[in-house]
Amino acid sequence: VGRYQVDQMVGEGAMARVYKAYDPKISRTLAIKLLKSHLLTDDEYRVRFFREAKGAGILSHPNIVTVFDVGEEDNHPYLAMEWVEGTTLADLLKQGRRFTAKEVVEIGIQLARALDYAHRKGIVHRDVKPGNIMLVKDSLTVKVADFGICRISEADTHVQGQQTQMGDVLGTPHYMSPEQVLGEKVDSRSDLFSAGVVLYQLLTGALPFDGDSLISVAFKITKSDPPSIDKLRPDLPLALRRVIDRALKKQPDKRYQTGEDFAQA
C-alpha cells in the first residue's frame, strides 16, 4: 500500500481494518488502517475516514496515537500510523485484568490530558471507549486511538449538515453521554463523560449503564444513576468516587469543564 509493506491484520472495527506494516524508506514499523472494501463507494465513510486523518494529523501528544501519512491506493484510502506495542483496555478487561485504584488514577490523568489537548485544538473525539485506548506493553502509558468520528470545530461545521446525519448518534452506546444519546449538540464535555464511564468500568469491572437492549442502555444513560461505586468497591477512597461521580453528571454544566480540570481532580 503506497510505499508501505503490509504484514498481518492486527485489528478490525466497523469501518476499517488495521495491519502491521513496514516503511522501507525509514526502516520503521507502523500500522496501516484501510477502509473496508464494501464501504469504498460510500461517500459518507470516505469523508469520515479522511476526517480522521485530518483530525488526528494535527495532534502531536505523547498519549495520542500519531498519524504519519494518509493516501489512496487504487481509490482505496489508507492511514499510516504509529505502531503501538500493547493492548487495548477492552482486551485487558476481557482477559479479566483487575486494576488498582492507583493504576486507574494514572490511566485517568493521561486520558484526561490527551483529551484536553485535542479539545484545545478544536477536536472532540466522540467515541472514547476501552477499545480506543491502548496501554503500551509492560507499562501504564496510555495511547488514545481512532479519532474516526471526531468532530472538528468551526472548520467542519459547513460539512456537518450534509454529511453527518449518521454522525449525530455515532459512538458506542454504553460509553455515550446523555446528550450524544439524545442526538443533541456534543462538545468536549461529552468526551469527559465517556472517560468517566471508562474509569468507572476499570475500577468496578462493571458498566455504569447496562441493559439488555440499546433502548434500555440509552434510557439509563439519560435517566438513571449508576450503581454506586462504594457498593461495588468499598475499598476505594471517597475522593476518587467523587471524581467519577462528577464526571458522570447528566448535565454537561455539572461535569468537569475541561480535561485538565478532570486530570487535576
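Up top is the structure.
Keep in mind the model is a prediction, meaning the values are calculated, not measured.

Caption draft 1: Representation of the overall build of the protein in the model. Across its full length, the protein holds 10 helices and 10 strands. Its C-alpha atoms give the protein a radius of gyration of 18 Å, near enough to 18 Å, the size a compact globule of 265 residues would have. Taking the principal axes of the C-alpha coordinates as reference, the protein spans close to 55 × 45 × 35 Å. The buried share among the 265 residues of the protein stands at 50%. The contacts in the protein between residues at least 6 apart in sequence include a share of 61% that link residues at least 24 apart. Accessible surface for the protein amounts to roughly 12600 Å². Of this, 51% is attributable to carbon and sulfur atoms. Considering the protein, the positive charge centre built from 36 side chains and the negative charge centre built from 36 side chains are found 4 Å apart.

Caption draft 2: The arrangement of the pattern of salt bridges in detail. Applying the stated rule across the entire model yields 16 salt bridges. One salt bridge in this structure joins Asp127 and Lys129, with 3.6 Å as the shortest N-O distance.

Caption draft 3: Summary view of the pairing of strand E1 (residues 5–12). Across 5 bridges, E1 lies against strand E2 (residues 16–23) in antiparallel orientation. In the strand pairing of E2, Glu12 is matched with Arg17. Counted along the chain from E1 to the antiparallel partner E2, the turn is 3 residues long.

Caption draft 4: Spatial organisation of helix H3 (residues 101–120). Compared with an ideal rise of 1.5 Å per residue, which puts 20 residues at 28 Å, H3 spans 28 Å between its outermost C-alpha atoms and is within 8% of the ideal. Taken across its 20 residues, H3 has 14 buried, putting it largely inside the fold. Positive phi shows up at Gly122, right after H3, with a value of about 85°.

Caption draft 5: The packing of helix H6 (residues 188–204) against helix H9 (residues 238–247), seen in detail. In contact at an axis separation of 8 Å, H6 and H9 are set at 140° when each is read in the N-to-C sense. Here H6 lies oblique to H9, going by the angle between them. Considering the relative orientation of H6 and H9, their crossing is left-handed. Here Leu192, Phe193, Gly196, Leu199, Tyr200 and Leu203 of H6 come into contact with H9, specifically with Leu240, Ile244 and Ala247. Grouping the constituent residues of the contact of H6 with H9 by class yields 8 nonpolar, 1 polar and no charged.

Rules and cut-offs
Residues numbered from 1 in each chain as written. Predicted model: local features only at pLDDT ≥ 70, side-chain atom pairs only at ≥ 80, totals over all residues. Heavy atoms only, no water. Helix = DSSP H or I, 4+ residues; strand = E, 2+ residues; numbered from the N terminus. Rg over C-alpha atoms; globule rule 2.2 N^0.38 Å. Buried < 20%, exposed > 50% of the residue type's maximum accessible area, 1.4 Å probe, protein only. Contact = heavy atoms within 4.5 Å. Areas by Shrake-Rupley, 256 points an atom, 1.4 Å probe, with all protein chains shown as cover. Lys, Arg positive; Asp, Glu negative; His and termini not counted. Charge placed at Lys NZ, Arg CZ, Asp CG, Glu CD. Salt bridge = Lys/Arg side-chain N within 4 Å of Asp/Glu carboxyl O. Pairing = 2+ DSSP bridges. Expected span 1.5 Å × (residues − 1). Axes fitted to C-alpha atoms, helices over the stretch in contact; angles between N-to-C directions. Parallel < 35°, antiparallel > 145°, perpendicular 65-115°, else oblique. Left-handed = near helix turned anticlockwise from the far one by under 90°. Nonpolar A, V, L, I, M, F, W, Y, C, P; charged D, E, K, R; others polar.

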